[in-house]
Amino acid sequence: LTNEDEEIISFVRDLGYETTSDPRGNQHAAKGAHRKEVRQFFSMHDLLGARSWEKFVPDSLKLAPIEERLELLRGLMDTDGTVDERGRAYYISTSRQLAEDVQWIARSLGRKARLRVRHTKYPYKGEVLDGRESYQVRLWHPKLSAVFKLSRKKNRCTDAWNGGDGDEMSRG
């Protein structure tokens, strides 16, 4: 785990995974038998050691049952998603493929999702330099908070639909 959010660590432990952390509590890692399973899965899909812009969702997860895809989307949104000041939800990645996969998963679950390319800049030694392209997926749903498990993100969502009648999207 590269996320130190206590709520996420608690979710992981509730799934039966053991975790350990460094002395300062900054880095958490799975341990025991589950660690080996997770590493094998990532290795099998060429994701072990992948850089952020090289990541993707394996087809086996994109084609998983609905509840598993929803949990996957929630996990991705909890870690790399954000909710803006108006309560809108976004997923942001430097991997175009991962962003397209998130868009695909969201749509497969009845959400509306739009992908947008962002050109970032950053300051360095008094200059403003071009950063890596990033990809932003905006999600719409009548119950947008359902794409998060983290209470701090879930509570910031606006659960108001602005993209159609939403009847087919009530799951969630």
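Residues numbered from 1 in each chain as written. Predicted model: local features only at pLDDT ≥ 70, side-chain atom pairs only at ≥ 80, totals over all residues. Heavy atoms only, no water.

**Regarding the sheet that holds strand S6 (residues 127–140)**
Then, in step 1: Taken in spatial order, the 4 strands make up an open sheet running S3-S4-S6-S5, and their pairing is antiparallel. A strand with exactly one partner marks an edge of an open sheet, and here the two such strands are strand S3 (81–83) and strand S5 (112–124). Shown here is a sheet whose adjacent strand axes are inclined to one another by a mean of 30°, direction ignored.
Then, in step 2: Note: S3 against strand S4 (residues 89–93), 3 bridges, orientation antiparallel. Bridging from a neighbouring strand, Thr82 pairs with Tyr90 of S4.
Then, in step 3: Sheet strands in contact with helix H4 (residues 66–80) are S3, S4 and S6, and its direction is about 80° off that of S4. (Pairing = 2+ DSSP bridges. Helix = DSSP H or I, 4+ residues; strand = E, 2+ residues; numbered from the N terminus. Axes fitted to C-alpha atoms, helices over the stretch in contact; angles between N-to-C directions. Contact = heavy atoms within 4.5 Å.)

**Thoughts on the side chain of His45**
Then, in step 1: Note on placement: His45 falls in the loop between helix H2 (33–44) and helix H3 (59–62).
Then, in step 2: Setting aside anything within four residues of it in sequence, one finds His45 in contact with Phe56, Pro58 and Ser60.

**Considering the packing of aromatic side chains**
Then, in step 1: Tallied over the full model, the rule gives 1 aromatic pair.
Then, in step 2: Plain terms: the ring middles of Phe41 and Phe42 are 6.0 Å apart, the flat faces sit at 85° to each other, and that makes the pair edge-to-face.
Then, in step 3: When the ring centre of Trp140 is taken as origin, the NZ or CZ atom of Lys112, which lies over that ring, is 4.9 Å away.
Then, in step 4: Over the ring of Trp53 we find Arg132, and its NZ or CZ is 3.5 Å from the ring centre. (Phe/Tyr/Trp six-rings, centres within 6.5 Å; stacked < 30°, edge-to-face > 60°. Lys NZ or Arg CZ within 6 Å of the ring centre and 35° of its normal.)

**A look at the pairing of S5**
Then, in step 1: Judged from the 12 bridges that link them, S5 and S6 form a sheet pairing that is antiparallel. The residue of S6 that forms the bridge with Ala113 is Leu139.
Then, in step 2: Hairpin geometry of S5 and S6 is characterised by an intervening segment of 2 residues between the two adjacent antiparallel strands and by a positive phi of about 50° at Lys125.

**Some remarks on the nonpolar core**
Then, in step 1: Ranked by size, the top nonpolar core spans 23 residues in total, and within it Leu73, Met77, Tyr91, Val137, Leu139, Val147 and Phe148 carry the most contacts.
Then, in step 2: Looking at this core, the elements that each hand over two or more residues are H4, S4, helix H5 (96–108), S5 and S6.
Then, in step 3: If one sorts the elements of this core by residue count, H5 sits on top with 5 residues.
Then, in step 4: Setting aside residues up to four positions removed in sequence, Val147 forms contacts with Leu73, Arg74, Met77, Arg111 and Leu139. (Core = buried A, V, L, I, M, F, W, Y, C linked by side-chain atoms within 4.5 Å. Buried < 20%, exposed > 50% of the residue type's maximum accessible area, 1.4 Å probe, protein only.)

**A word on the pairing of S6**
Then, in step 1: Taken together, the 5 bridges between S4 and S6 define a ladder with antiparallel strand orientation. Bridging from a neighbouring strand, Tyr90 pairs with Arg138 of S6.

Purely geometric numbers; function is a separate question.
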